[in-house]
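# Examining the three-dimensional arrangement
What follows is the residue order along each chain.
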Amino acid sequence: MPVVFDEANRVFKLDTPNTTYAMQVIRQGCLAHLYYGASVEDTDLGYLICHRNVSFAANPQEEFPDRTFSFETVPLEYPCFGISDYKSACLCVQMPDGTTATDVRYQGHRIYAGKPKLQGLPATYAGEEEADTLEIDLKDSVSGAVVTLIYTAFRFHDAIARSCRVQNTSQDSLYLRRVLSACVDFDHHRYDMVNLYGKWARERQVERRRLAHGKQSIESLRGASSHQHNPFVAIAGPNTDEMNGEAYGFSLVYSGNFLAEVEVGQLDTARLVMGINPTDFTWKLGPGEAFTAPEVVMVYSQEGLGGMSRTFHRLYRNNLCRGPWKHKRRPILVNNWEATYFSFNEEKLLAIAQQAAQLGVEMFVMDDGWFGKRDSDKSGLGDWFVNEQKLRGGLKSLVDKVNALGMKFGIWFEPEMISEDSDLYRAHPDWCLHIPGRGRSLSRNQMVLDMSRQDVLDYLFQSMSAILSSANIEYVKWDMNRNLTEVSSRLLPADRQQETWHRYILGVYQLMERLLEAFPNLLLEGCAGGGGRFDPGLLYYAPQYWTSDDTDALERVKIQYGTSYVYPVSSMGAHVSVCPNEQTKRSVELQTRGYVAMAGTFGYELDLTKITQEEKEMMRRQIQQFKELHGVITYGDQYRLVDPFQDADMAAWMFVSEDKTEALVQVVQMRTDPNPPLRRIRLQGLDPSKRYREQDSGRILSGQAWMNAGINIPEMYGDGAACIFHLLALEL
Ligand code: DGJ
């Protein structure tokens with residue numbers, strides 16, 4: 001059984017195919033964490049809790065005079081602030097008397113097949129045949145707060161999703177000062193923390209550090225999950241690599257302010273907590289009201305970081321992304337942003353579209369600049385009506401013409417923003433986030449709409465719906481080009497102001513959901529100045545995300561390599577762009593730009609009316625090649641082979657189809673060595689007993705040979721030279 005309650009030992013145990021998670025109700029109803037790791041059949045795991053007299057430990061009053069019971073050694077499953085656990089807490093409830101100590105004890109539980117939805121929040125989903133859920137109620141008898149911990153164990157993935165709901169059962173309002181989603185205690189601290197940091201145009205770079213005493217954390221206080229830190233951490237053994245060793249992955253399904261913190265305590269244990277960032281967060285909970293915290297997805301693998309990533313990929317592809325595009329090959333698109341920026345008209349767009357159609361491109365995406373008075377980034381945001389100076393025949397005429405070329409049409413919006421110079425701002429200067437008496441910070445010349453307001457959401461829904469129903473528009477790129485400042489909502493009372501950050505992101509989710517309900521076939525691509533909000537929360541609505549504004553192939557290798565720690569290639573928007581590259585001024589061969597974009601959703605973003613005949617021929621071949629290979633790329637398992645963060649000269653990765661009959665290896669030489677060393681790469685993930693033919697050389701070898709002996713990399717010259725190997729299993 002995937003979820004059991006051993007009544008005699010009062011132990012809860014959740015099992016996935018290769019992992020176990022266990023908790024125990026101990027003295028006085030405290031819920032203690034027992035174990036998370038490789039599968040364990042036994043349920044009698046209470047022995048794992050150590051009772052020891054620790055100097056300076058505080059003992060709960062009801063345990064007196066037993067000095068061996070304290071939360072220094074008993075790891076709480078959902079630690080609370082202010083009692084005798086001094087490590088990072090998940091919950092802090094402020095009572096009407098102003099006090100903040102919180103103490104929750106076991107009340108009851110339920111086990112059922114399937115997985116519940118989370119009210120207003122994105123989350124993984126599963127049918128009754130796919131997963132089992134355990135809900136445990138814990139009550140703070142003094143404040144009346146009841147916490148329900150919700151765990152779902154997936155039957156076909158080594159993943160456990162968890163979140164929690166806090167309900168106020170008292171007659172007074174309570175204030176949630178801190179309500180994190182998950183806590184896991186590790187019995188030692190000899191681990192590394194792996195996280196993805198970055199900045200605009202260089203998102204999700206891999207960083208690994210040894211855990212040290214005290215707190216180490218990543219967070220966002222920008223109102224978006226951010227370019228700077230992705231809401232993900234892995235805890236890995238010091239010797240864990242791509243193929244071997246223990247790796248725990250924690251991924252928060254949330255797009256706003258977050259905190260992921262690991263604390264190494266005085267007894268050399270480590271505690272991870274993750275959830276909504278408690279800084280500037282307080283949620284008022286009226287009598288009877290409930291608050292739901294976002295979901296954390298936990299993955300455990302003994303097959304290294306590669307094994308962890310593949311579990312996330314499969315889970316997020318199958319049980320997070322939704323809609324008709326979830327498993328479909330996405331249209332190969334051309335986007336006009338880097339080709340024209342704001343300076344275009346119908347003729348210019350059609351010229352690009354015509355050329356694209358001849359190459360085999362399947363969708364034309366009109367980016368920023370088609371609406372309001374939008375000739376630069378100084379004006380127009382919020383005015384979601386067509387700029388007929390630029391599109392003289394109107395939107396429908398353009399869309400019809402693109403459709404007549406045999407292509408779909410997509411459009412860009414930046415719904416959450418407002419320009420000072422816009423009709424919307426002139427009509428509703430109070431609709432942006434601002435604090436009376438303080439300046440309104442501008443970023444990229446724009447302000448942020450208060451997405452916690454229903455009137456703002458209704459306006460956006462109506463104006464976007466009007467555009468989307470005015471023509472055959474099949475795709476939306478939803479952009480967001482600045483972070484939040486002066487965060488305050490004019491509609492909230494003083495004691496609810498700190499709810500604004502979270503209400504903002506709930507508003508974004510609500511609007512996305514409403515649009516998808518109204519336009520169920522719409523393909524949404526997320527974007528925030530590139531990958532500034534590339535997180536699992538957004539992927540619930542948008543199955544693909546613009547990975548980065550940096551389209552330089554060598555930068556992209558690293559960005560996409562880091563992104564693949566959590567996110568599948570099917571979610572990574574990737575385009576071939578012009579050289580010298582707009583962001584780095586570097587030139588990389590068109591072939592390499594193509595290979596790198598193929599490790600994503602694949603498309604183009606350059607002025608196709610200005611390319612040479614030779615480039616056109618190559619693009620035609622690229623499009624054909626992507627159509628042939630997309631199956632193994634998009635639905636295959638990804639194995640990272642050579643890490644560009646470790647190896648200055650090379651990056652390599654491969655995809656293997658689920659039935660292991662096909663594989664594609666991609667190799668990029670990041671830097672040329674004038675007297676090139678011999679390079680051989682050992683492949684992964686093949687069936688050792690199958691024989692595979694490498695399509696170019698015709699060489700046939702067993703999977704065992706390709707994996708143990710490896711594949712020779714040809715001599716390549718030039719920074720950014722690249723090659724691929726396509727392996728097909730022989731029919732027996
Ligand atoms: C930032 C995006 O990442 C770009 O692709 C482009 O859409 C611009 N915004 C448009 O303003």
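Residues numbered from 1 in each chain as written. Predicted model: local features only at pLDDT ≥ 70, side-chain atom pairs only at ≥ 80, totals over all residues. Heavy atoms only, no water.

## Comments concerning the side chain of His 630
- Summarising the element assignment, His 630 is placed in helix H11 (residues 613-635).
- The contacts of His 630, once residues within four sequence positions are left out, are Arg 329 and Tyr 635. (Helix = DSSP H or I, 4+ residues; strand = E, 2+ residues; numbered from the N terminus. Contact = heavy atoms within 4.5 Å.)

## Here's the deal with the site of the ligand
- Taken together, 13 residues lie around the ligand, and Asp 367, Asp 368, Lys 477, Asp 479 and Asp 549 are the ones closest in.
- Interatomic distance of 2.7 Å between a side-chain N/O atom of Lys 477 and an oxygen atom of the ligand.
- Note that a nitrogen atom of the ligand is positioned 3.3 Å from one of the side-chain N or O atoms of Asn 481.
- Protein coverage of the free-state accessible area of the ligand, which is 290 Å², stands at 98%.
- Tallied by class, the residues present in the shell around the ligand amount to four nonpolar, three polar and six charged. (Near = heavy atom within 4 Å. Polar contact = N/O pair within 3.5 Å; in protein donor to acceptor, adjacent residues only side chain to side chain. Areas by Shrake-Rupley, 256 points an atom, 1.4 Å probe, with all protein chains shown as cover. Nonpolar A, V, L, I, M, F, W, Y, C, P; charged D, E, K, R; others polar.)

## Quick word on unusual backbone geometry
- A cis amide bond, omega 10 degrees, links Phe 64 with the succeeding residue Pro 65.
- Within the fold, Pro 65 resides in the loop between strand S4 (31-38) and strand S5 (91-94).
- Of note, the bond from Cys 579 into Pro 580 is cis; its omega dihedral lies within 30 degrees of zero at -5 degrees.
- For Pro 580, the location among the structural elements is in the loop between strand S29 (575-577) and helix H10 (590-598).
- A positive phi angle is found at Ala 201, which is not glycine, with a value near 70 degrees.
- Here Ala 201 is to be found in the loop between strand S11 (192-199) and strand S12 (202-210).

## Overview of the packing of helix H6 (residues 454-470) against helix H7 (residues 500-518)
- Here H6 crosses H7 at 30 degrees, and the two axes come no closer than 10 Å. Put simply, H6 runs roughly parallel to H7. The two elements H6 and H7 meet at a crossing, and its hand is right-handed. In contact with Gln 454, Leu 457, Asp 458, Leu 460, Phe 461, Met 464, Ser 465 and Leu 468 of H6, H7 contributes Gly 507, Gln 510, Leu 511, Arg 514, Leu 515 and Ala 518.
- A class-by-class count of the residues in the contact of H6 with H7 yields eight nonpolar, four polar and two charged. (Axes fitted to C-alpha atoms, helices over the stretch in contact; angles between N-to-C directions. Parallel < 35°, antiparallel > 145°, perpendicular 65-115°, else oblique. Left-handed = near helix turned anticlockwise from the far one by under 90°.)

## What about the sheet that holds S29?
- With respect to topology, nine strands assemble into an open sheet ordered S28-S27-S26-S25-S22-S21-S20-S30-S29, the strand pairing being parallel. The open sheet has two edge strands, strand S28 (572-573) and S29, and neither has a second partner.
- Contacts from H7 reach strand S25 (475-478) and strand S26 (523-526) within the one sheet, and its direction differs from that of S25 by about 170 degrees. (Pairing = 2+ DSSP bridges.)

## Topic: the pairing of strand S9 (residues 159-168)
- When you tally the buried positions in S9, you get eight out of ten residues, the bulk of the element.
- Across nine bridges, the pairing between strand S8 (residues 145-154) and S9 is antiparallel. Note that in S9 the partner of Ala 153 across the bridge is Ile 160.
- In sequence, S8 turns back onto S9 through a hairpin of four residues.
- When S9 meets strand S19 (residues 290-301), the two strands line up antiparallel, connected through eight bridges. (Buried < 20%, exposed > 50% of the residue type's maximum accessible area, 1.4 Å probe, protein only.)

## Here's the deal with the packing of aromatic side chains
- In the structure shown here, the tally under the stated rule is 33 aromatic pairs.
- Ring plane angle 45 degrees and centroid distance 5.8 Å describe the contact between Tyr 21 and Tyr 151, whose orientation is recorded as tilted. Of this pair, Tyr 21 sits in strand S3 (residues 19-25) while Tyr 151 is found in strand S8, placing the two residues 130 residues apart along the sequence. When sorted by exposure, Tyr 21 lands in the same class as Tyr 151, which is buried.
- With centroids separated by 5.2 Å and ring planes inclined at 85 degrees, the aromatic side chains of Trp 337 and Phe 342 adopt a geometry described as edge-to-face. Taken individually, Trp 337 and Phe 342 each receive the classification buried, so the pair is uniform in this respect.
- Linked through ring pairs, Tyr 21, Tyr 36, Tyr 151, Phe 186, Tyr 191, Tyr 248 and Tyr 300 together constitute an aromatic cluster.
- Just above the ring of Trp 546 sits the side chain of Arg 556; from NZ or CZ to the centre is 4.7 Å. (Phe/Tyr/Trp six-rings, centres within 6.5 Å; stacked < 30°, edge-to-face > 60°. Lys NZ or Arg CZ within 6 Å of the ring centre and 35° of its normal.)

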